[in-house]
Amino acid sequence: MAALVLLPVTLLAFLPSVLGLERYVISTDSMQGDIDRGSLAIERPTPAEDLVVGDVITFPSTREVGTTVLVTQRVVAVNDRRLVTRGDTEPASLTETLPVDGATYSRVLVHVPWVGYPFLGAVDRSMWVALILTAIGALAMAWQARPQPGPRPGSRVPLG
């Protein structure tokens, strides 16, 4: 059972880098409905000139003064050699404008729901608590399912 869980997670962790792809964990709800929080996004670096309206990309945002964070948003317009992006759940006033000339952005190829939740634990302490409680619950169920000493079903038991 552990192999059924660990093998796909291991492939998702290492295979993209071998193929020249990038992977990001979605940590906000700005793309909720299409790419939910906790999803693992597999992305390919793509020249900005090749991006079209509707593509979902990850880029460094400077929306918050003094900080740079990676955000994942949809391209909503291409104007005057600039990309205009916005999260699907964000109001139209919260757009970001990115340069096209010579720029490269990571375009989402596929996303896998829930796989990124363990990695959000570094950001959200409640995720680690949930993960630990799940592991304890699984161990408790395995302990209860172990064979009990005594006669096996269908065996004869002496009566006296």
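About the thresholds
One numbering rule holds for all chains: residues counted from 1, following each sequence as written. With the structure being a predicted model, the display of local features is reserved for residues of pLDDT at least 70 and the display and counting of side-chain atom pairs for 80 or more, all residues being used for whole-chain, interface and lining totals. To get the side-chain values, take all heavy atoms of the structure and skip hydrogens and water. A run of DSSP states H or I qualifies as a helix once it reaches four residues; a run of E qualifies as a strand once it reaches two. Both are numbered from the N-terminal end. A 1.4 Å probe rolled over the protein chains alone gives each residue an accessible area, and that area as a share of the maximum for its type sets the label: buried under 20%, exposed over 50%, partly exposed in between. The contact rule is simple, with two residues in contact once any of their heavy atoms fall within 4.5 Å. Surface accessibility follows the Shrake-Rupley procedure with a 1.4 Å probe radius. Residue values consider only the protein chains on display as shielding. Strand pairing requires that DSSP identify at least two bridges connecting the strands. Comment: axis = line fitted to C-alpha atoms, over the contacting stretch for helices; angle = value between 0 and 180 degrees taken between N-to-C directions. Nonpolar cores were defined as sets of buried Ala, Val, Leu, Ile, Met, Phe, Trp, Tyr and Cys residues, with membership established by side-chain atoms within 4.5 Å. What makes a salt bridge here is a side-chain nitrogen of Lys or Arg within 4 Å of a carboxyl oxygen of Asp or Glu, nothing more.

Caption draft 1: Region of interest: the overall build of the protein chain. Within the protein chain, the regular secondary structure consists of three helices and seven strands. Start at the N end of the protein chain and walk to the C end: the helices and strands fall as α-β-β-β-β-β-β-β-α-α. Out of the 160 residues in the protein chain, the part that is buried amounts to 26%. Taking the intrachain contacts of the protein chain between residues at least 6 apart in sequence as the baseline, contacts between residues at least 24 apart amount to 51%. Accessible area of the protein chain: about 10900 Å², with a carbon and sulfur share of 64%.

Caption draft 2: Representation of the sheet that holds strand 1 (residues 22-25). Here seven strands make up an open sheet; going across it, the order is 1-2-7-3-4-5-6 and the pairing antiparallel. The strands lining the two open edges of the sheet, one partner per strand, are strand 1 and strand 6 (96-99). In this sheet, neighbouring strand axes are inclined to one another by 45° on average, regardless of whether the strands run parallel or antiparallel. In this structure, strand 5 (residues 82-86) lies alongside strand 6, joined through four bridges in antiparallel fashion. Within strand 6, the residue paired with Arg82 across the bridge is Pro99.

Caption draft 3: Spatial organisation of the nonpolar core. Counting eleven residues, the largest nonpolar core consists of Ala48, Leu51, Ile57, Phe59, Val71, Val75, Leu83, Leu98, Val100, Ala103 and Tyr105. Of all the elements in the fold, those that place two or more residues in this core are strand 3 (56-61) and strand 4 (69-79). Beyond its immediate chain neighbours, meaning those up to four positions away, Leu51 contacts Thr46, Ile57, Leu83, Tyr105 and Arg107. Ile35, Ala41, Val56 and Val108 belong to the second-largest nonpolar core, a separate cluster that totals six residues.

Caption draft 4: Geometry of the environment of Leu19. In this fold, Leu19 is placed in the loop between helix 1 (2-18) and strand 1. A relative accessible area of 53% means that Leu19 is categorised as exposed. When the C-alpha atoms of Leu19 and Arg44 are compared, they prove to be 9.4 Å apart, with 25 residues separating the residues in sequence.

Caption draft 5: Summary view of the pattern of salt bridges. Counted by the stated rule, this structure contains four salt bridges. The shortest N-O distance in the salt bridge between Arg81 and Glu49 comes to 3.9 Å. With Arg81 in the loop between strand 4 and strand 5 and Glu49 in the loop between strand 2 (40-47) and strand 3, this residue pair connects regions lying 32 residues apart in the sequence. Owing to a relative accessible area of 46%, Arg81 belongs among the partly exposed residues under this scheme. Close ionic contact of Asp101 with Arg81 constitutes a salt bridge, the shortest N to O distance being 2.9 Å. A residue pair is termed long-range when its members are at least 10 positions apart, and Asp101 in the loop between strand 6 and strand 7 (104-112) and Arg81 in the loop between strand 4 and strand 5 qualify at 20 residues. Since its relative accessible area comes to 55%, Asp101 is described here as exposed. Connected via shared salt-bridge partners are Asp34, Arg74 and Asp88.

Everything listed is a geometric property; what it means functionally is a separate question.
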